[in-house]
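# Report on the structure
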Amino acid sequence: TWHLKKIPQIVRERTFSLDSPKFEAKTKLELNSVCGIECQRKLPVPSLSDLKDLLSYETVFENGTRTLTEVNVLGAVLDPAGNTTTRRPSRQKRQIYGTDSRFSIYDKRFMTNFPFNTAVKISTGCSGILVSPKHVLTAAHCLHNGKDYVKGSKRLRVGLMKTKSRGNGRKRKGTSDGMPSFQWTRVKSTHIPKGWFKGVSGDVALDYDYAVLELKRPHKRKYMELGISPTIKMMPGSMIHFSGFDNDRSGQLVYRFCSISDESNDLFYQYCDAEPGSTGSGIYLRLKEPNKKKWKRKIIAVYSGHQWVDINGEQQDYNVAVRITPLKYAQICFWIHGNDENCTQG
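Residues numbered from 1 in each chain as written. Predicted model: local features only at pLDDT ≥ 70, side-chain atom pairs only at ≥ 80, totals over all residues. Heavy atoms only, no water.

The name that an unreviewed UniProt entry assigns to the chain is Inactive serine protease 35, with the source organism given as Vireo altiloquus. Of the chain, the UniProt comment under Sequence similarities (unreviewed entry) reads exactly: "Belongs to the peptidase S1 family." You can read under Subcellular location (unreviewed entry) in the UniProt record for the chain the words "Secreted". (UniProt positions renumbered as here; feature names shortened; annotations may be inferred.)

### A short note on the overall build of the chain
From N to C terminus, the chain includes 4 helices and 18 strands. Burial analysis of the chain (346 residues in total) assigns 55% to the buried set. Across the chain, contacts joining residues at least 24 apart in sequence account for 75% of those joining residues at least 6 apart. By element, 48% of the accessible surface of the chain is carried by carbon and sulfur atoms, the whole surface being about 15900 Å². (Helix = DSSP H or I, 4+ residues; strand = E, 2+ residues; numbered from the N terminus. Buried < 20%, exposed > 50% of the residue type's maximum accessible area, 1.4 Å probe, protein only. Contact = heavy atoms within 4.5 Å. Areas by Shrake-Rupley, 256 points an atom, 1.4 Å probe, with all protein chains shown as cover.)

### Quick look at the state of the cysteines
Overall, the coordinates contain 1 disulfide when judged by the stated rule. With its sulfur 2.1 Å from that of its partner, Cys 126 forms a disulfide with Cys 142. Here Cys 126 and Cys 142 share a disulfide; its torsion about the S-S bond, -95°, makes the bridge left-handed. Remark: Cys 142 occurs in the loop between strand S8 (135-138) and strand S9 (157-163) and Cys 126 occurs in the loop between strand S6 (119-122) and strand S7 (127-130); sequence separation between them is 16 residues. By relative accessible area, which is 0% here, Cys 126 ends up buried. With a relative accessible area of 0%, Cys 142 lands in the buried category. (Disulfide = S-S within 2.5 Å.)

### A short note on helix H4 (residues 326-337)
Between its terminal C-alpha atoms H4 stretches 16 Å, which fits the 16 Å expected from 12 residues at 1.5 Å a residue. Among the 12 residues that make up H4, 10 are buried, leaving the element largely enclosed by the rest of the structure. Among all positions in H4, only Leu 327, Lys 328, Tyr 329, Ala 330, Gln 331, Ile 332, Cys 333, Phe 334, Trp 335 and Ile 336 are buried. Among the residues trailing H4, Gly 338 stands out with phi positive, at a value near 80°. (Expected span 1.5 Å × (residues − 1).)

### Overview of the packing of aromatic side chains
In total, this model carries 7 aromatic pairs according to the counting rule given. Within the aromatic cluster, the residues linked to one another by ring pairs are Tyr 57, Tyr 208, Tyr 210 and Trp 335. It is Lys 328 that lies over the ring of Tyr 208; its NZ or CZ is 5.3 Å from the centre. (Phe/Tyr/Trp six-rings, centres within 6.5 Å; stacked < 30°, edge-to-face > 60°. Lys NZ or Arg CZ within 6 Å of the ring centre and 35° of its normal.)

### Here's the deal with the environment of Leu 55
Following the sequence through the fold, Leu 55 ends up in helix H2 (residues 48-55). Looking at Leu 55, the relative accessible area reads 1%, which means it is buried. Residues Leu 55 and Glu 70, 15 residues apart in the sequence, show an inter-C-alpha distance of 8.0 Å.

### A few points about the confidence of the model for the chain
Per-residue confidence for the chain averages 78 on the pLDDT scale, and 75% of its residues sit at or above 70. Here residues 80-94 is modelled with pLDDT under 50, and outside its nearest four sequence neighbours on either side it reaches 41 contacts, counting other chains as well. (pLDDT = per-residue confidence, 0-100.)

### So, the pattern of salt bridges
Applying the stated criterion across every chain yields a total of 9 salt bridges. Where Glu 70 meets Arg 14, a salt bridge forms, and the shortest distance between an N and an O atom there is 2.7 Å. Taken together, the residues Glu 70 in strand S4 (residues 66-74) and Arg 14 in strand S1 (residues 9-18) connect sequence positions 56 residues apart. Residue Arg 14 is classed as partly exposed on the basis of its relative accessible area, which comes to 45%. Across the pair Glu 62 and Arg 186 runs a salt bridge whose closest N-O atoms are separated by 3.2 Å. Of this pair, Glu 62 sits in the loop between strand S3 (57-61) and S4 while Arg 186 sits in strand S10 (residues 180-193), placing them 124 residues apart in sequence. Assessed through its relative accessible area of 27%, Glu 62 is described here as partly exposed. Overall, Arg 186 belongs to the partly exposed group, its relative accessible area being 37%. Each of Glu 62, Arg 186 and Lys 216 takes part in salt bridges that share partners, so that together they form one network. (Salt bridge = Lys/Arg side-chain N within 4 Å of Asp/Glu carboxyl O.)

### Observations regarding the pairing of S8
Here S8 shows two buried faces, one formed by His 135 and Leu 137 and the other by Val 136 and Thr 138. Looking at chain direction, S7 and S8 are connected through 2 bridges and run antiparallel. Its bridge partner being in S8, Leu 130 is matched across the sheet by Val 136. In this structure, the hairpin formed by S7 and S8 is closed by a connection of 4 residues. Across 4 bridges, the pairing between S8 and strand S11 (residues 211-215) is antiparallel. Residue His 135 lies in a different strand from S11, and its bridge partner there is Glu 214. (Pairing = 2+ DSSP bridges.)

Structure representation (structure tokens):
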């Protein structure tokens, strides 16, 4: 069941203008040497003043201007347990683990219907997910390398799936069934938490690898709501699902599901088969609504990609996702609505 949780408040305090970014960083879809499971265990719990700093955020607008917004955090429950993790048996380490268990979605009826229609392509080479009529959730490193914005993010666009056909439904010559084409929409503004920037967060940057894009004009598609990420024990079969545009299956929407192997307070470590390009996809679950018989899918994490992590002094690789905690829910919800009134219950 989806359990309702009281959400902390993110309150805007001050907004400053900053110099325009250089937009010179290279897009890197795979991150190296991040704080892994063992390292996460040793991290201190952020204090309230740390959280205010980490959850302050930069906004970049379409015309290249940039602002920094400082926030206050009200009602946050600081977890004294720290970054505890749950260990599961280790498996062979690859981006594709054993048999490739990904599904390419070819059927137009599936591709253009919920939940698959919520997957979008980001012009920097990543994926994302629709979270409102005007907003897309993706990974921060698709837009910013921790020091500067990536080259392609200056004229950022989001591709919404449409299946190729002419007005009267006839197939164009040379197009194949089930290959989506994209309706590209300009991005009006981008929000990235300050916790992602190097020099602010030290070791915890991966915990803040998420960003929200505001589209220039609303789409008319069904989007997926945000949810608070439950612990592994509270998930049916510990299973997660996500769809994105993996680089090795060009032009195809690729769906997968798998179980989670490990978790920290902010991250899921799993072996979902995924290739670069699917980074930034929204990870979702289907749980029952409280006191109802209805099932509902909600986004509980953002797929951050294939990561090398340090475990007992050894480099091992996992596919990692950033969990939507109550604090991150408050922040993303605030970015979507522009106030915290709609974000009190998650």
